[in-house]
Amino acid sequence: MALIDDRCIDEAPLRMSEATPGDYIALLKPRVMSLVVFTAVVGLVAAPGTMNPLLALIAILAIAIGAGASGALNMWYDADIDKVMSRTAKRPVPAGRVTPGEALGFGLVLSVLSVMTLGVLVNWLSASLLAFTIFFYAVIYTMWLKRWTPQNIVIGGAAGSFPPMIGWAAATGNISLESVILFLIIFLWTPPHFWALALFKSGDYERAGIPMMPNVAGPASTRRQIFAYALLLAPVGVAPWLLGYTTLFYGVISLVLGAGFVWYSWKVLGMSDDDKTMVPAKKLFGFSLVYLFVIFAAYMGDRLVAWLGGMGA
Amino acid sequence: MDKLETVDLTEQQKKARRLRSVAIGLALVALVIIFYVATLAKFGPAVLNRPM
């Protein structure tokens, strides 16, 4: 009797959730998801052969949900640093509308669901790639690289580069050099894109203790590395035409875009250390989004026209 | 007999719960449709070919 009475059970205060479906959609990072969907669609459409359109739609949906799941896992793990960055403080977990446990459960359930759906209904190669992408983003990037090395987004960028390859694998059941080039375009695009952002948001990352390149190696080194990646990205962007996978239409567009990227990066390289407004970095960040969208749209358009032409012949 | 101690939800909590319930319901309906359509798309008429 006394034994029981003396025990004090510390119950956690009862918490009734006020989270709306919108909060759970926010956990999926819809803007990142839209880029994933777009690049996966390009990989799927550009791949040779035809695919049942309904299964293609389901494949894209599964890839989108998988990408969203990795976003939820990222928000579960990063709630502490999201809280101190202006860009991320209003996310559902740091704002207290969704508990970290709920975000973790949501992310895990969607991960399993998306991978199994893709595997059972499409093929297991694409499902394996999706599973690896979720693992890479949530564990390798979020839990390990992000807080440890300024190369975080260089290596972690691989996670964002996989979607066109997954789309390609969903359509063909294999991986080809063309899909590897699509992977490389996003992989080489990621560092200058994020470092341009990190240059004018370096205060945010510093407060959160994230070792982004401008905080660790300094703005001057970051600007040089942005330029170096732009020099690598431009020829890789043109490679599909050089290797004969596309027509001159894509070749010209990718050349112009590549030259634009190098030009904006050159402007960033010429920025001075005491530049507070950082207009060139903001312009490069904006252009990088245009670059990726247009180069992938051109690639898909080029392949679609070739495919339709082949049907008419 | 004492009245059971229950939790009284605020209006906001009730509204959020209702919205979550609707969203879960819609997601389940979507899943049913997806797997139904996918089964037909993947197997076609062969889905009916089975030993009786």
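Computed from a prediction, not measured in an experiment: that's the story for all the values here.

Calculation rules
- Residues numbered from 1 in each chain as written.
- Chains lettered and ligands numbered in written order.
- Predicted model: local features only at pLDDT ≥ 70, side-chain atom pairs only at ≥ 80, totals over all residues.
- Heavy atoms only, no water.
- Helix = DSSP H or I, 4+ residues; strand = E, 2+ residues; numbered from the N terminus.
- Rg over C-alpha atoms; globule rule 2.2 N^0.38 Å.
- Buried < 20%, exposed > 50% of the residue type's maximum accessible area, 1.4 Å probe, protein only.
- Areas by Shrake-Rupley, 256 points an atom, 1.4 Å probe, with all protein chains shown as cover.
- Lys, Arg positive; Asp, Glu negative; His and termini not counted.
- Charge placed at Lys NZ, Arg CZ, Asp CG, Glu CD.
- Contact = heavy atoms within 4.5 Å.
- Buried area = accessible area lost by both parts, 1.4 Å probe.
- Salt bridge = Lys/Arg side-chain N within 4 Å of Asp/Glu carboxyl O.
- Polar contact = N/O pair within 3.5 Å; in protein donor to acceptor, adjacent residues only side chain to side chain.
- Nonpolar A, V, L, I, M, F, W, Y, C, P; charged D, E, K, R; others polar.
- Patch = residues over 30% accessible without salt bridge, like charges linked within 9 Å, V, L, I, M, F, W, Y side chains within 5 Å.
- Expected span 1.5 Å × (residues − 1).
- Axes fitted to C-alpha atoms, helices over the stretch in contact; angles between N-to-C directions.
- Parallel < 35°, antiparallel > 145°, perpendicular 65-115°, else oblique.
- Left-handed = near helix turned anticlockwise from the far one by under 90°.

A. Broad picture of the overall build of chain B. Across its full length, chain B carries one helix and zero strands. In terms of overall size, chain B is more extended than a compact globule, its C-alpha atoms giving a radius of gyration of 21 Å where 52 residues would be expected to give roughly 10 Å. Counting only C-alpha atoms, chain B reaches 60 × 30 × 5 Å along its principal axes. Within chain B, buried positions represent 13% of all 52 residues. A total accessible area of about 4,800 Å² is found for chain B, and carbon and sulfur atoms account for 66% of it. The centroid of the 8 positive side-chain charges in chain B is displaced by 21 Å from the centroid of its 4 negative side-chain charges.

B. Inspection of the interface of chain A and chain B at higher detail. Taken together, the contact between chain A and chain B spans 18 residues of the former and 16 residues of the latter. Overall, the association of chain A and chain B removes approximately 1,400 Å² of surface from exposure, summing both partners, and the carbon and sulfur fraction of that is 75%. When the buried surface of chain A facing chain B is broken down by residue, A:Met16, A:Glu18 and A:Leu121 rank first, second and third, together holding 32% of it. Put simply, chain A and chain B have zero salt bridges between them. The interface formed by chain A and chain B holds five residue pairs in polar contact (both at pLDDT 80 or more) in total. Of all elements in the fold, only α2 (21-27), α4 (53-77) and α6 (100-121) of chain A reach the threshold of two or more residues within the side of chain A that touches chain B. Taken together, the residues of the side of chain A that touches chain B sort by class into 13 nonpolar, four polar and one charged.

C. Main features of a nonpolar patch on the surface. Residue and element names in this part refer to chain A. Residues Tyr77, Phe132, Phe135, Val139, Met143, Trp144 and Trp148 make up a contiguous nonpolar surface patch of roughly 700 Å² in combined accessible area. Considering every element that reaches the nonpolar patch, the biggest residue donor is helix α7 (residues 124-145), with five residues. For Trp144, the location among the structural elements is in helix α7. Residue Trp144 is classed as partly exposed on the basis of its relative accessible area of 48%.

D. Representation of helix α1 (residues 11-43) of chain B. For α1(B), which comprises 33 residues, the first-to-last C-alpha distance of 48 Å matches the rise-based estimate of 48 Å (1.5 Å per residue) to within 8%. By the burial criterion, the buried members of α1(B) are B:Gln13, B:Ala16, B:Ile34, B:Ala38 and B:Ala41. Looking at the buried residues of α1(B), the elements they touch are α4 and α6 of chain A. One or two positions beyond α1(B), positive phi appears at B:Gly44, with a value near 65 degrees.

E. Region of interest: the packing of α6(A) against α7(A). Residue and element names in this part refer to chain A. Where α6 contacts α7, the two axes come as close as 7 Å, and the packing angle between them is 160 degrees. Taken together, the axis directions place α6 and α7 in an arrangement best described as roughly antiparallel. When you trace α6 past α7, the crossing you get is right-handed. Along the contact surface, α6 presents Ser111, Ser114, Val115, Met116, Leu118, Gly119 and Val120, while α7 presents Trp124, Ser126, Ala127, Leu130, Ala131 and Ile134. When grouped by side-chain class, the residues that make up the contact of α6 with α7 number nine nonpolar, four polar and no charged.

F. The arrangement of the environment of A:Ile153 in detail. All names here are of chain A. Following the sequence through the fold, Ile153 ends up in helix α8 (residues 152-172). A sequence separation of 37 residues divides Ile153 from Thr190, and the C-alpha atoms of the two residues are 7.1 Å apart. Leave out the neighbours within four places in its chain, and Ile153 touches Tyr141, Thr190, Pro191, Phe194, Trp195 and Met212.

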